[in-house]
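# Structure assessment
For reference, the chains in residue letters:
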Amino acid sequence: MALAIDSLKTSFISPTPPLPLKPSKNLSSSQNPEKPRNLIIHCSIHPDPWSLSTGNRPKPVSKNPKNPLSDDNARRIIKAKARYLSVLRRNQGPQAQTPKWIRRTPEQMVQYLQDDRNGHLYGKHVVAAIRLVRSLSARPEGSYNMREVMGSFVAKLSFREMCVVLKEQRGWRQARDFFEWMKLQLSYRPSVIVYTILLRVYGQVGKIKLAEQAFLEMLEAGCEPDEVACGTMLCAYARWGRYKAMLSFYSAVQERGITPSIAVFNFMLSSLQKKSLHVKVKDLWREMVDKRVVPNNFTYTVVISSLVKEGLLEESFKTFNEMKNLGFVPEEVTYSLLISLSSKTGNQDEAIKLYEDMKSRGIVLSNYTCASLLTLYYKIGDYSKALSLFSEMEKNKIVADEVIYGLLIRIYGKLGLHEDARKTFEETEQLGLLTDEKTYIAMAQVHLKSRNYEKALAIMELMRSKNIWFSRFSYIVLLQCYVMKEDLASAEATFQALSKTGLPDAGSCDDILNLYIKLDLLEKAEDFIFEIRIDKVKFDMELCKTVMKVYCKKGMLREAKQLIQEMVTNGLFKDSEFVQTLSMVMLEESGRPDYVDDTVVALNQIDTMALELMLRLYLTVGNAFKIEEILKMLLKAAGGLQVASQLISKFNREGDISKAQSLNDQLVKLGCRAEDASIASLISLYGKQHKLKKAIEVFSAVEGSPTTGKLIYISMIDAYAKCGKAEEAYRLYEEVNDKGIEVGVVALSKVVHALANCGKHQEAENVIRTSFQNGLELDTVAYNTFINATLEAGRLHFADSIYERMVSLRVAPSIQTYNIMISVYGRGRKLDKAVEMFNKARSSGVSLDEKTYTNLIGYYGKAGKSHEASLLFREMQEEGIKPGKVSYNIMINMYATAGLHHEAQQLFQAMLKNGCSPDSLTYLALIRAYTGSSKFSEAEETIMSMQNEGVPPSCVHLNQLLSALTKAGFTEEAERVYYKLLSAGLSPDIACYRTMLRGYLEYGHVEKGISFFEQIRESLEPDQFIMSSAFKFYKSAGKERESVAILDSMKSLGIPFLKHLEAGSKAKTP
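The shown structure was predicted, so the numbers you read here are calculated from the model rather than taken from an experiment.

## A short note on the overall build of the protein
Assigned secondary structure in the protein consists of 58 helices and 0 strands. Counting only residues that meet the buried cut, the protein has 46% of its 1070 residues in that class. Across the protein, every contact between residues at least 6 apart in sequence was considered, and the portion connecting residues at least 24 apart equals 64%. Carbon and sulfur atoms make up 51% of the accessible area of the protein, which amounts to about 56400 Å² in all.

Rendered as C-alpha cells:
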C-alpha cells in the first residue's frame, strides 16, 4: 500500500486544477422545495445527441478543431448516454414519447442490424461475450485459457465494448483474466476508465491487494487517476474497514488537490464510525466543510451520531440546527441520539423540545427513543409524562422491548403501584422478552421497597434458574434481600460472592454491618470492621456512622478516636457536622471551664446524632465526667433533651436498663426530666423484668409532678399487671380517675385484662360496667378485651350484650371480635348464631383468618357435624388460607370422634404433603381415629413411627391404645404392646397401670393381675383404684392374708375402698 501511495504521489508530474464546484442540486431543492415534476422526453424534436451517426446534415468544421476527448470528457459522455437510455426504458408506457427514428449512415444501419440490438442496450456479440466470460466462473482456476476462450471475439469487440464486458462481470477472477486478454487486443488503449472498472470489481469483493496492484499498473501505464478512480479506491478501503490505508490514501489524494464526491466522503465517514473512530469522523467532517463539499442527509446523520457518541453536546446541536436550516429532515435515529445525550448531560428541556419537534414532523418514535425519554422522565420524577408516553406508544403500535418494560417496572415501583409493576413483569415474561438481569433486578427492588423480601428472593431465584449471569449489582440486591430477611448465613455467603467481583462497596458493607447490629452480633461486627479496614474499603458517611455506632456500643474508645482522626483528615468529610461534632468531643482539649460554652458557639449547629453516639460510648466505658459534659452540651443544643430522651428509649428497647437508668439519673442531676415516653418505657421495661420495686421508684420520682402525663400512669398500671398485682393496677386506675386524669381506653383494657387473668372476674365486670355508666368512648380493642374477659368468666349473656352495645354504637368489629363471638356462641351451644356470626364476618369485608375458620370447624365437630366441618375446611383452603397445625389437629380429632379413620388418615397424609410437621397432639388424634375404628395394628404402627419422625411418644399415646385393646377384650395384645413399648424406653404412668389392671380385672385374668400389681407396687403412689383392684385379685385367688393387708393399708391411708369392682365382670356369659 505504501508503494501505491508513493507511486500516486510521484506520478502526478503536472497537476490538474480541480473542477469548479457545481451548485448542489440537493441544496437548491432543499432550500426551495417544489413538487416533483414528471420528466417527458421529446425525442422526435431532440434527436439522440450521443448517436454515432453523422446524419444528412454534417456538422460545420470548426475553425479551432478540438483535441481528442480526455478520459474525463469521455466518462461524462458515456454517463450522459446511459442516463438517456435509462429514461427511455423507464418511459416505455402507453404515454411515452419515444424517438420515431434515429438517422444513421447505411454502414451504421447494416452494423445495427448485424448486431441484432433491436432496442437492447448492448449488441448481440457483446451479450454473447459477457455470457461466455461469466460462464467461466463454474470452472476451477487454471482450467481454462482466456485466449482460447475469447478466440472467436478477436478484432470483433471495440474498446468500449470490451469495457462493457469487463463491467458486467460478477466474479473477480473472470474480470482479472478478461482484463489480461483485453490488454492484448489491438483496440485496447490504457485508460483510467477501464482501470476504474477493475478497481470497482476488486473493491466489491474485498480484494484490496489486487486493487492496489491494478492502481499501481494504472500509474505505470501513464493514466492519471481522476476523482472517480480515487473515489473508487477510497470506497474499497472504506467498505472493508481498512481505515488506516484509507486515510493514508486520502492524504495522497489531498496533496494532488483532488476532492472526492460526497458519496465517497459518506463511505469514509461511515467506515470510520463503524470502527468507533468518532474523533477522525469529526476531523474528516471539518475538512469537508473547509473544502466546501455540500453534505447530504446521510452525511449529517453520520456526523451527528459520532459527535453525540463523543459527548460533544454543543457541536452536535450546532450541526443538527445547520442540517435543519438546509432543509434536510433529520432521521429518527438522529433525534434519538440527541435526546439520549441531552438526558445524560442533564439538559432535560432540550430533550423534551426535540421530542416535541419529532411529534410535529410526524416522526414515529423507535424503541430506543422511547426508552431514552422514559429514562429522562424517571430521573426527573415526572412519572405522569412517562405513563402518557407509554400510552402514546400503544396508540402508535410501537412494540415495547425489555428495556422499556424494565423502566415501567421502576416507575410503577416509585409510584407505589406494586401490583402494576408485578403485572408488567409477568407480561414481559409471557412475551418472551425476559432475558436481561436489569429487568429482574428492577422487579426485585420494587418488592424490597414494599418490604416483601420473600417475593424479591423469588425473583432472584427465577433469575438464577434461567441461567442469567449474576453481575456485581445483582449480588448487591441479593444481599439487601437477605439483610431484610435477617438471614445471616445467606447474607454472609452473598457478601463473599460479591467480594470475589472486586472490593465491596460501602453500601453493601453498611448493610451487613447493620444486620450484625440488629442481631446483636457485636463481636462479628467488630471482626467485620477490622477486615474491611484492612482491605481499605472506601468509606462513605453512612458507613462511617455505622462503624462509629459499633465502636460506641462496644465501648471501643481507642478505635473510635482513630476513626474520627481519619475522618477529620479525609477531605470528603471536612464539612460534615457529624464529623466536626465528634472531633470536638473527642479530640479537642476540654479542661477549660468555659469549654462547653465555646464549643457550642464554635459550630453553627451541633449534630445531635454524634452527641448521642458519644453518650452511648462514655456510658459504656463508665466515664461520668464525660457523660455530664456531653449532656450539658446536648441540652444547650436545639432538641437536645429530646435526643437524650430518645436514647433512654433506645436503651430500653435494647434491654440495657442500666444505661437507661444511669442516663435518666444524670438528667435528674442536671435539673432536667426526660420526656414522658422515655420514663414510661423505663417503667414498662422494669415491669417486663418483674422488677416492680424499681418501677415504683421511677414512678414515685415523677408522680407528684403536675406535668406527669397519662403515658406514665398507663405504663405503671401495665407494670402492676405484668407483675401479677392486678389489685394494685385497679387501685391506681381508680386513683387516676379520681384525679380527673383521662388515661384512656388503653389503661382500661390493661386493667380488665389483668383482673381477668388473675381470676378477679367480678372486679373486671365492675370496671366494665363503670366505663359504660361514665359513657367512656371505647375503641374496638377495648370492646374485644371486655368480651374476652366475660367469656373467660363464663358470663356468656353479658358478653353478648357487650357485643350488641358495640354494634349499636357503630364501633367497627375486627376479625378478633368475630372470633371471640363465635367462641361465645359456640360455648353456649348456639351453633346457629356462631354460623351467623361467621357469615357476618365474611360479608363485612374483613379478611378472614385461619383462626376464624378453625374456631367454627371445632364447634361443628363438637356438634357432630363432620360434613359441614369438612366443607368449611375445604372452603378455607380454596380462599388461599394455608391450614396450620392447629387446624389439622382439630379436623383429625373431629374425624376420630366421628369414627372416620380413612378421612383422618388422608388428612394426615395431606398435612405431610403440604409441609406441615405433625406434633404429639396430631399423632394422638390419629391414634384415636384408628382405635375408634378398631384398627389396633395401625394405631401401634403410628406410635412406633413417632420416634422415627422425631416426636417422642408419651404415656397418653400408649394409654389410648391400651384402653382400646382392653375394652375390646384383647388383654394379651395389650400386654404385648405394653412390654414392647416398655423395652423401647417408654415409662408408663399411673393411667397406663390402671388401664392394664382394669383389663385383667374385668376379664378375670387374676393371676396376671396379681403378677402385674406386684411388678409395679414399689414404684407406685397409693391409688384408690389400683389398691381396690389388688384386693379383688388377692380375694379371688384365695389369698386372704394379702387381701387383708391391702385393705388395712387403705384404711390407714384413709383411702376409701371401691366396692363396685368385680373380677371377671365382662368374662361372664348371660
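## Regarding unusual backbone geometry
Although it is not a glycine, aspartate 520 sits at a positive phi angle of roughly 60°. With relative accessibility at 58%, the residue aspartate 520 sits in the exposed group. At arginine 810, a position not held by glycine, the phi torsion is positive, near 60°. Inspection of the secondary structure puts arginine 810 in the loop between helix H44 (796–808) and helix H45 (815–827).

## What about the packing of aromatic side chains?
Scanning the model with the defined rule gives 28 aromatic pairs in all. Note on phenylalanine 179 and tyrosine 195: the rings are 5.3 Å apart at their centroids and 70° apart in plane angle, and the pair reads as edge-to-face. Here phenylalanine 179 is found in helix H8 (residues 172–182), whereas its partner tyrosine 195 is found in helix H9 (residues 192–205), with 16 residues between them in sequence. Just as phenylalanine 179 is buried, tyrosine 195 falls in that class too. Between tyrosine 250 and phenylalanine 265 the ring centres are 5.9 Å apart and the planes differ by 75°, which places this aromatic pair in the edge-to-face class.

## Concerning the packing of helix H13 (residues 262–274) against helix H14 (residues 278–290)
For the pair H13 and H14, interaxial distance at closest approach is 8 Å and the crossing angle is 160°. By the angle class used here, H13 and H14 are roughly antiparallel. When the axes of H13 and H14 are compared, the crossing they make is left-handed. Residue-level contacts link Ile262, Phe265, Met268, Leu269, Leu272 and Gln273 of H13 to His278, Lys280, Val281, Leu284, Trp285 and Met288 of H14. Of the residues in the contact of H13 with H14, the class split is 9 nonpolar, 2 polar and 1 charged.

## Side note on helix H46 (residues 831–843)
Between its first and last C-alpha atoms H46 spans 18 Å; for 13 residues at 1.5 Å apiece the expected length is 18 Å, and the two agree. Those residues of H46 that are buried are in contact with H44, H45, helix H47 (850–862) and helix H48 (866–878). Phi turns positive, to about 90°, at glycine 845, one or two residues after H46.

## Some points on helix H17 (residues 332–344)
The first and last C-alpha atoms of H17 sit 18 Å apart over 13 residues, in line with the 18 Å expected at 1.5 Å per residue. Burial within H17 is extensive, with 11 of its 13 residues counted as buried. Taken together, the buried positions of H17 are occupied by Glu332, Thr334, Tyr335, Ser336, Leu337, Leu338, Ile339, Ser340, Leu341, Ser342 and Ser343. The inward-facing, buried residues of H17 abut helix H15 (297–309), helix H16 (313–325), helix H18 (348–361) and helix H19 (367–380). A positive backbone phi angle near 80° is found at glycine 346, which sits one or two residues after H17.

## With respect to the pattern of salt bridges
Summed over the entire model, instances satisfying the criterion amount to 43 salt bridges. Two residues, glutamate 629 and lysine 626, come together in a salt bridge whose shortest N-O distance is 3.3 Å. Here lysine 626 and glutamate 629 lie together in helix H34 (residues 624–636), a separation of 3 residues that amounts to about one turn. In this structure glutamate 629 comes out as buried when scored by relative accessible area, which is 7%. Classification of lysine 626 by relative accessible area gives buried; the value is 11%. Between arginine 976 and glutamate 973 there is a salt bridge, with its nearest N and O atoms 2.3 Å apart. Residue arginine 976 and its partner glutamate 973 are located together in helix H54 (residues 971–983), separated by 3 residues, close to a single helical turn. Take arginine 976: its relative accessible area is 35%, and that puts it in the partly exposed class. Taking the relative accessible area as the measure of exposure, glutamate 973 reaches 33% and is therefore partly exposed.

## As for the side chain of threonine 942
Checked against the element boundaries, threonine 942 lands in helix H52 (residues 936–948). When neighbours within four sequence positions are excluded, threonine 942 is seen to be in contact with Tyr923, Leu926, Ile927 and Tyr930.

## Topic: the environment of proline 225
Here proline 225 lies in the loop between helix H10 (208–220) and helix H11 (227–239). Since its relative accessible area comes to 6%, proline 225 is described here as buried. The spatial distance from the C-alpha of proline 225 to the C-alpha of valine 253 is 9.5 Å, given a sequence separation of 28 residues.

## Examining the nonpolar core
Ranked by internal contacts, the top residues of the largest apolar core, which has 326 residues, are Met150, Phe178, Met182 and Met614. Apart from the residues lying within four places of it in its own chain, the contact partners of phenylalanine 178 are Val133, Met146, Met150, Met162, Val165 and Leu166.

## Here's the deal with the packing of helix H53 (residues 955–967) against helix H55 (residues 990–1002)
Where H53 meets H55, the closest approach of the two axes is 9 Å, and the angle between their N-to-C directions is 10°. The angle between H53 and H55 places the two elements in the roughly parallel class. Only Ala991, Cys992, Thr995, Met996 and Gly999 of H55 make contact with H53, whose side of the interface consists of Cys955, Leu958, Asn959, Leu962, Ser963 and Thr966.

## With respect to the environment of isoleucine 262
Locating isoleucine 262 in the fold gives a position in helix H13. Classification of isoleucine 262 by relative accessible area gives partly exposed; the value is 21%. Isoleucine 262 sits 31 residues away from glycine 231 along the chain, and the two C-alpha atoms are 9.8 Å apart. In contact with isoleucine 262, not counting residues within four places along its chain, are Met288, Val293, Val294, Pro295, Asn296 and Thr299.

## With respect to the confidence of the model for the protein
For the protein, per-residue confidence averages 82 on the pLDDT scale, and residues scoring 70 or more make up 87% of the total. Across residues 1–64, where pLDDT falls below 50, the model places 68 contacts with residues more than four positions away in sequence or in other chains. Throughout residues 93–101 the model reports pLDDT below 50, and contacts reaching past four residues in sequence, or to other chains, amount to 12 contacts.

## Looking at the environment of glycine 1009
Among the structural elements, glycine 1009 can be located in helix H56 (residues 1006–1016). With a relative accessible area of 0%, glycine 1009 lands in the buried category. Once residues lying within four places of it in the same chain are set aside, the contact partners of glycine 1009 are Leu997, Tyr1000 and Phe1033.

Thresholds, definitions, all that
Residues numbered from 1 in each chain as written. Predicted model: local features only at pLDDT ≥ 70, side-chain atom pairs only at ≥ 80, totals over all residues. Heavy atoms only, no water. Helix = DSSP H or I, 4+ residues; strand = E, 2+ residues; numbered from the N terminus. Buried < 20%, exposed > 50% of the residue type's maximum accessible area, 1.4 Å probe, protein only. Contact = heavy atoms within 4.5 Å. Areas by Shrake-Rupley, 256 points an atom, 1.4 Å probe, with all protein chains shown as cover. Phe/Tyr/Trp six-rings, centres within 6.5 Å; stacked < 30°, edge-to-face > 60°. Axes fitted to C-alpha atoms, helices over the stretch in contact; angles between N-to-C directions. Parallel < 35°, antiparallel > 145°, perpendicular 65-115°, else oblique. Left-handed = near helix turned anticlockwise from the far one by under 90°. Nonpolar A, V, L, I, M, F, W, Y, C, P; charged D, E, K, R; others polar. Expected span 1.5 Å × (residues − 1). Salt bridge = Lys/Arg side-chain N within 4 Å of Asp/Glu carboxyl O. Core = buried A, V, L, I, M, F, W, Y, C linked by side-chain atoms within 4.5 Å. pLDDT = per-residue confidence, 0-100.

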